[in-house]
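Chains, contacts and geometry: an overview
Now for the letters of each chain:
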Amino acid sequence: MKANIPKELEDLIDEKIYLDLEIHILNTKLNKLNAMKDNDRIIYFEKKLGQKFKERKKINDQLRKEKVTIYSPINDDMFVQYDFSIKTNGGYKEGNFRYWKSAIKYKLNQRLNTK
């Protein structure tokens, strides 16, 4: 369900969701590299992870300023749904983003330039 919110806020929520997923992927890769003790790649992934954390902090601050709350994902066989709410003067606006799992994987591969 689409809430009646500005496009910029929709983009921020979408970006926050993808950044969280990117951070999870990079963290997983970093843990695997630590086990293999591949120091050159560890440094590269730590830098990339640091950049993603900075981006996420900036977006989180903007969402907090706009009084947006994103709830835990709800998994289905083929889809993932993220519910959110925005506190307004007269109450709350609620909505959700529903993503196809294969589309998420494809977009994350494009964003991270990995396979």
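The next subject is the packing of helix α1 (residues 7–36) against helix α2 (residues 39–65). Contact geometry of α1 with α2 gives a least axis separation of 9 Å together with a crossing angle of 155°. Between α1 and α2, the crossing angle belongs to the class labelled roughly antiparallel. Regarding α1 and α2, the two cross each other, and that crossing is left-handed. Grouping the constituent residues of the contact of α1 with α2 by class yields 14 nonpolar, 4 polar and 11 charged.

Tallied over the entire structure, the rule returns 5 aromatic pairs. A ring pair is formed by Tyr82 and Tyr99, whose centres lie 6.0 Å apart and whose planes are at 75°; its orientation type is edge-to-face. Here Tyr82 is found in strand β3 (residues 79–88), whereas its partner Tyr99 is found in strand β4 (residues 91–100), with 17 residues between them in sequence. Tyr82 sits in the buried class, given a relative accessible area of 10%. Owing to a relative accessible area of 10%, Tyr99 belongs among the buried residues under this scheme. Among the aromatic residues, ring-to-ring pairing joins Tyr18, Tyr82, Phe84, Phe97 and Tyr99 into one connected group. The residue whose ring lies beneath Arg98 is Phe79, and the NZ or CZ to ring-centre distance is 4.6 Å.

Along an α-helix, residues three or four positions apart point the same way, because every turn accommodates 3.6 residues. With 12 residues, helix α3 (residues 101–112) ought to run about 16 Å at 1.5 Å a step, and its terminal C-alpha atoms sit 16 Å apart, in line with that. Along α3, the residues that are buried comprise Ile104, Leu108 and Leu112. Relative to the axis of α3, the buried residues are bounded by an arc of 50° and lie together on one face. Packing partners of the buried residues in α3 comprise α1, α2, β3 and β4. Just downstream of α3 lies Asn113, where phi reads positive at about 55°.

Next up on the list: the environment of Phe84. As for its position among the elements, Phe84 is in strand β3. Relative accessible area serves as the criterion here: at 3%, Phe84 is assigned to the buried category. Each C-alpha atom of the pair Phe84 and Gly95 lies 5.6 Å from the other, and the pair is 11 residues apart in sequence.

What counts and what doesn't
- Residues numbered from 1 in each chain as written.
- Predicted model: local features only at pLDDT ≥ 70, side-chain atom pairs only at ≥ 80, totals over all residues.
- Heavy atoms only, no water.
- Axes fitted to C-alpha atoms, helices over the stretch in contact; angles between N-to-C directions.
- Helix = DSSP H or I, 4+ residues; strand = E, 2+ residues; numbered from the N terminus.
- Parallel < 35°, antiparallel > 145°, perpendicular 65-115°, else oblique.
- Left-handed = near helix turned anticlockwise from the far one by under 90°.
- Nonpolar A, V, L, I, M, F, W, Y, C, P; charged D, E, K, R; others polar.
- Phe/Tyr/Trp six-rings, centres within 6.5 Å; stacked < 30°, edge-to-face > 60°.
- Buried < 20%, exposed > 50% of the residue type's maximum accessible area, 1.4 Å probe, protein only.
- Lys NZ or Arg CZ within 6 Å of the ring centre and 35° of its normal.
- Expected span 1.5 Å × (residues − 1).
- Arc of directions from axis to C-beta.
- Contact = heavy atoms within 4.5 Å.

By themselves, these figures tell us nothing about what the structure is for.
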